[in-house]
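A structural walkthrough
Chain by chain, the residues:
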Amino acid sequence: MTYRVLTGQISHETNTFSKLPTDTEAYRTRALYTRDEVPERMRGTNSEVGAVLDVAEKYGWDLLHPVVGNATPSGKVTKDAWETLCHFIIDACGFDGPFDGIVLALHGAMVTETTDDGEGELLQRIRDRIGPDVPIVATLDLHANVTERMAANANALVTYRTYPHVDMYDRGEQAAELLQRMMTGEVGGLETVLARREQLDGFDHGRTTFEGPMTEALRRARAYEQEPGIHVVSVNGGFPWADIEEAGPSVTVSHESQSDRAAEIAQEIADYGWETRADRTIENWSPEDALAYIRKVGGGEKPFVLADFSDNPGGGSYGDSPALLQAMVEAGLENAAFALISDPEVAAAGLKAGIGA
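For the structure given in this document, a descriptive report is provided here. (Residues numbered from 1 in each chain as written. Predicted model: local features only at pLDDT ≥ 70, side-chain atom pairs only at ≥ 80, totals over all residues. Heavy atoms only, no water.)

1. Focus: the packing of helix H3 (residues 48–59) against helix H7 (residues 168–184)
At a closest axis distance of 7 Å, the pairing of H3 and H7 adopts a crossing angle of 40°. On the basis of the axis angle, H3 is oblique to H7. With respect to the hand of their crossing, H3 and H7 are arranged in right-handed fashion. When H3 is examined against H7, the residues Glu48, Gly50, Ala51, Val52, Asp54, Val55, Lys58 and Tyr59 are found in contact with a partner set consisting of Met168, Tyr169, Gly172, Glu173, Ala176, Glu177 and Gln180. When its residues are assigned to classes, the contact of H3 with H7 shows 7 nonpolar, 3 polar and 5 charged. (Axes fitted to C-alpha atoms, helices over the stretch in contact; angles between N-to-C directions. Helix = DSSP H or I, 4+ residues; strand = E, 2+ residues; numbered from the N terminus. Parallel < 35°, antiparallel > 145°, perpendicular 65-115°, else oblique. Left-handed = near helix turned anticlockwise from the far one by under 90°. Contact = heavy atoms within 4.5 Å. Nonpolar A, V, L, I, M, F, W, Y, C, P; charged D, E, K, R; others polar.)

Written as structure tokens, this is what we have:
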């Protein structure tokens, strides 16, 4: 039997404290592909959609991919951009269906000018259009702010398990393979339960580079997934730079007829996130302390890399703070580079002055 499947991506990590609106042009600048552009651009990439394309070929799915949209973290998604992206998916549900299953690549921390819960609203719109019986599986970024509406409208939520994020393809493959099993009837009646505590940050903000709260939580999650009827246990670090009610860490369990056990698992890992909320695998230094350390230990063959935690464009900041640059200049560093800073006036003055000025 050939299964007809809908896939796509609508992704954004929204920093609600940013004044920069995320409009349609912001999506075009990073990634906005439609219909036939999707396989051309996404096949062979380390992405969720890249994995879905491969799984679709493996099983011979009749796959529809109306849109892939991903914008750099910034302020709220504009109403026009949000409705444009949504309609690619919702219109496909109505005009190109019926579908046997849906697998989407989402982020989980999208806030728009009209809703604090972009993914929850999208999933509910889809569910309202296709009915209760078509399985929906969605992938999420590890820093998702998972909401009750997201859990209620998706049969399974599959979250990244690495930070820095390198397992996008793996999670997309996991989601697509699970959808295949649901469509064949091997897995039936999946539901998702959600647990959280009253905290904005936790699980060491999701860091997996060193042993810590997140790696232990994921170890527990993998062990629980070996139990009958427990198919996905996702640990979400949350995104605290979103001034919304349901921001923060959470745990979701997608289960098959194991409601009580799934809720128990979600609560147990959420409790662990609360108990370890103060534990960190990194130490934040002031620019002055970092430069003092470099002067103390001296040079060497390997470079030092200083990361500006507070002005990180990857979390929706502006990238325009001169604080670290000032500290480097005042420390008299030589053989040093600074990249990058957003200051068009200074850039223009430097270009006019010329190299070496």
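More follows now that the structure is in view.
2. A closer look at the pattern of salt bridges
With the rule as written, the count across this model stands at 20 salt bridges. Here glutamate 25 makes a salt bridge to arginine 28, at a shortest N to O gap of 3.4 Å. Residue glutamate 25 and its partner arginine 28 are located together in helix H1 (residues 24–30), separated by 3 residues, close to a single helical turn. Overall, glutamate 25 belongs to the partly exposed group, its relative accessible area being 45%. A salt bridge links glutamate 246 to arginine 196, with the nearest nitrogen and oxygen atoms 3.9 Å apart. Highlighted residues: glutamate 246 in the loop between strand E9 (230–236) and strand E10 (250–256) and arginine 196 in the loop between strand E8 (190–195) and helix H8 (213–224), separated in sequence by 50 residues. Overlapping salt bridges, with partners in common, bring together Glu211, Glu216, Arg219, Arg220 and Glu268 in one network. (Salt bridge = Lys/Arg side-chain N within 4 Å of Asp/Glu carboxyl O. Buried < 20%, exposed > 50% of the residue type's maximum accessible area, 1.4 Å probe, protein only.)

3. Remarks on the environment of asparagine 335
Looking at where asparagine 335 falls in the secondary structure, it is placed in the loop between helix H11 (323–330) and helix H12 (344–353). In this structure, the C-alpha to C-alpha distance between asparagine 335 and proline 303, residues 32 residues apart in sequence, is 9.9 Å.

4. Section: the packing of aromatic side chains
Taken as a whole and assessed by the stated rule, the structure comprises 4 aromatic pairs. With a centroid separation of 5.4 Å and 65° between ring planes, the pair formed by phenylalanine 239 and tryptophan 241 is classed as edge-to-face. Aromatic side chains tryptophan 285 and tyrosine 293 sit 5.2 Å apart centroid to centroid with 70° between the ring planes, which places their arrangement in the edge-to-face category. Residue classification places tryptophan 285 among the partly exposed positions, given a relative accessible area of 42%. Members of the aromatic cluster, each reached through a chain of ring pairs, are Trp285, Tyr293 and Phe304. A cation over a ring is seen here: arginine 220 above tyrosine 272, with NZ or CZ 4.1 Å from the ring centre. Sitting over the face of the ring of tryptophan 274, arginine 277 holds its NZ or CZ atom 3.8 Å from the ring centroid. (Phe/Tyr/Trp six-rings, centres within 6.5 Å; stacked < 30°, edge-to-face > 60°. Lys NZ or Arg CZ within 6 Å of the ring centre and 35° of its normal.)

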